[in-house]
Every structure is written in structure tokens, then in C-alpha cells.
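A closer look at the structure
This is what each chain is made of:
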Amino acid sequence: TLSLFTVIQVGVYAGAQIPVGLLVDRYGTRKVLVSGAFLMAAGQVLLGLAESVPAALAVRVLIGLGDATAYSAVLRLLPAWFEPRHVPLMTQLTGTVGQMGQVISSLPFAYVLTQYGWEPAFVALGGSCAVVALTAIAWVKDSPVAREAPKKDEEPLTFWTVAREPGVWLGFFTHFSCGFMPMVFQLLWGSPFLQVVNGMSKSSAAAMLMIQPI
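Residues numbered from 1 in each chain as written. Predicted model: local features only at pLDDT ≥ 70, side-chain atom pairs only at ≥ 80, totals over all residues. Heavy atoms only, no water.

This part is about the overall build of the protein chain. Secondary structure summary: the protein chain contains 9 helices and 0 strands in total. Going from N to C terminus, the protein chain has its helices and strands arranged as α-α-α-α-α-α-α-α-α. Along the first, second and third principal axes, the C-alpha set of the protein chain runs to 60 × 35 × 30 Å. Across the 214 residues in the protein chain, those meeting the buried criterion constitute 24%. Considering only intrachain contacts with a sequence separation of at least 6, the fraction spanning at least 24 residues in the protein chain is 70%. Of the accessible surface of the protein chain, which amounts to about 14,200 Å², a share of 71% is contributed by carbon and sulfur atoms. Charge centroids of the protein chain, computed over 12 positive and 11 negative side chains, lie 3 Å from each other. (Helix = DSSP H or I, 4+ residues; strand = E, 2+ residues; numbered from the N terminus. Buried < 20%, exposed > 50% of the residue type's maximum accessible area, 1.4 Å probe, protein only. Contact = heavy atoms within 4.5 Å. Areas by Shrake-Rupley, 256 points an atom, 1.4 Å probe, with all protein chains shown as cover. Lys, Arg positive; Asp, Glu negative; His and termini not counted. Charge placed at Lys NZ, Arg CZ, Asp CG, Glu CD.)

Of all hydrophobic cores here, the largest spans 11 residues; its members are A16, V20, V24, V32, L33, V34, A68, A73, L77, A136 and V140. Going through the elements one at a time, α2 (17-27), α3 (29-49) and α4 (53-81) are the ones with two or more residues in this core. If near-sequence neighbours (up to four positions away) are discounted, L77 is found in contact with T29, V140, K141 and D142. Membership of the second largest hydrophobic core comes to 10 residues, among which are F5, L47, L57 and F122. (Core = buried A, V, L, I, M, F, W, Y, C linked by side-chain atoms within 4.5 Å.)

As a further point, take α3. Its 21 residues give α3 an end-to-end C-alpha distance of 30 Å, which sits within 8% of 30 Å, the value for a rise of 1.5 Å per residue. The elements touched by buried residues of α3 are α1 (2-15), α2, α4 and α6 (118-139). (Expected span 1.5 Å × (residues − 1).)

All right, on to the pattern of salt bridges then. On inspection of all chains with the given rule, the structure shows 2 salt bridges. Where R76 meets D25, a salt bridge forms, and the shortest distance between an N and an O atom there is 2.9 Å. Note that R76 is positioned in helix α4 and D25 in helix α2, a separation of 51 residues in sequence. Residue R76 is classed as partly exposed on the basis of its relative accessible area, which comes to 37%. Taking the relative accessible area as the measure of exposure, D25 reaches 25% and is therefore partly exposed. Between E83 and R85 there is a salt bridge, with the nearest N and O atoms lying 3.1 Å from each other. Residue classification places R85 among the exposed residues on the basis of a relative accessible area of 64%. (Salt bridge = Lys/Arg side-chain N within 4 Å of Asp/Glu carboxyl O.)

Quick look at the environment of L46 now. Summarising the element assignment, L46 is placed in helix α3. Owing to a relative accessible area of 43%, L46 belongs among the partly exposed residues under this scheme. Along the primary structure L46 and V24 are separated by 22 residues, whereas in three dimensions their C-alpha atoms are 26 Å apart. Apart from the residues within four sequence positions on either side, L46 is in contact with V59 and L62.

A few words now on the packing of α3 against α6. Direction vectors running N to C along α3 and α6 enclose 170°, while the axes themselves pass 7 Å from each other. Considered as vectors, α3 and α6 are oriented roughly antiparallel to each other. The handedness of the crossing between α3 and α6 is left-handed. Per-class residue counts for the contact of α3 with α6 are 20 nonpolar, 3 polar and 2 charged. (Axes fitted to C-alpha atoms, helices over the stretch in contact; angles between N-to-C directions. Parallel < 35°, antiparallel > 145°, perpendicular 65-115°, else oblique. Left-handed = near helix turned anticlockwise from the far one by under 90°. Nonpolar A, V, L, I, M, F, W, Y, C, P; charged D, E, K, R; others polar.)

This part takes up the environment of K202. By the element assignment, K202 lies in helix α9 (residues 202-211). A relative accessible area of 67% places K202 in the exposed class. Measuring from C-alpha to C-alpha, the distance between K202 and V34 comes to 36 Å, with 168 residues separating the pair along the chain.

As C-alpha cells, this is what we get:
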């Protein structure tokens, strides 16, 4: 049952990547990023207030949709703000800093969850997401220059336009093949495996799972 919470969010996250990418190209990074952050804020608050497992699982769909906008939208900012030769480095730094952010933020969340309970922890998490959304409204810009309207003879950006690019498939299969096993271990059965099979304590297993993304 607990693994369902992870599977639903990650499944929605993965399935929403192409639609989110198309929305970013059509409406711009700022709008999609802000909308996703507000979706996550609402989802976390509703998760904290949920009184049954089915209701909580349904809310995870909302959280997955909001989560799906973050990384893709931020990556779309990089070629607009940095020179092409700097984009690969900034992409890697974005992923690394994002993973470290998950680890760092888990510590205060775990403390609030342990000391004050489920509802205050998730409501506070929702408030943090709302702060992120407001910050994006105030500070994020799609580009340092005004966005130009597409030219009449320019091919519209569609899924099939993107699918014809070899680099897209390279990125897809690289993430699919390299990220599959560590993500399954980290998100599904890593903790019970480390504790039951390897005899680790709960805190040691949690520490190992925190180190793995970094």
C-alpha cells in the first residue's frame, strides 16, 4: 500500500513529461512552473487532510502532475539564459542541486512529521510549495529578451517534430536504462531490503537511501 503512493506519483510524473514539454514550449516556462508549484501545494495540503487511503492515493495524482512540471520547465530556461557551450554543465548542476535539495528538505520534513504528525507536516509542505510558486512569479522570466511570435513558415512544435530528433531518443534511453534500477531500489523496496536482508538499522538504511541520489 505504501509503495502505491510512490508508484502513482512517479507514474504520473513520467506520463506527463511529453504534455508538460509541449505546454512549456507553447505557454512558456514561468506559467507552467508556477502552475505546477500551485498544483503541488494544493496536493500536499489535501494529502495532509485526507482521511482515507483511496483519497490520499487520488491526491498523489495531483502531486505527480505538479512535480512533472518542475525539472522540465527549469531545463527549458537554460538555453534561453546561457550560452550553448554552458548548457550541458548547467543541466548537470540543475539535476545535482535538485537531488541534494530533496535530501536536505527531507530532514526538516521528517522532524515535523515525527514531532507534530501527518497533517501539520504535509500542510507545511504545501505552504512551502506555495512560497516557491510566489517566488517564481516574482523572479522567473522565460528569457532575458521578449519572446518572439512564431514565423508563418516555421514548423509547429509537435510530438512528432521532437520524436524525429536523435538526441531526444538518446536522452530517453539513457535515462530509461541508467535510472531504472536505482530508482526502483530507492523508491520501492530499498529500505526493507537494507533492513531485513542486510540487517541495517532504520536510521542507517535511511542514510544509505539519502546518499544514493547524490
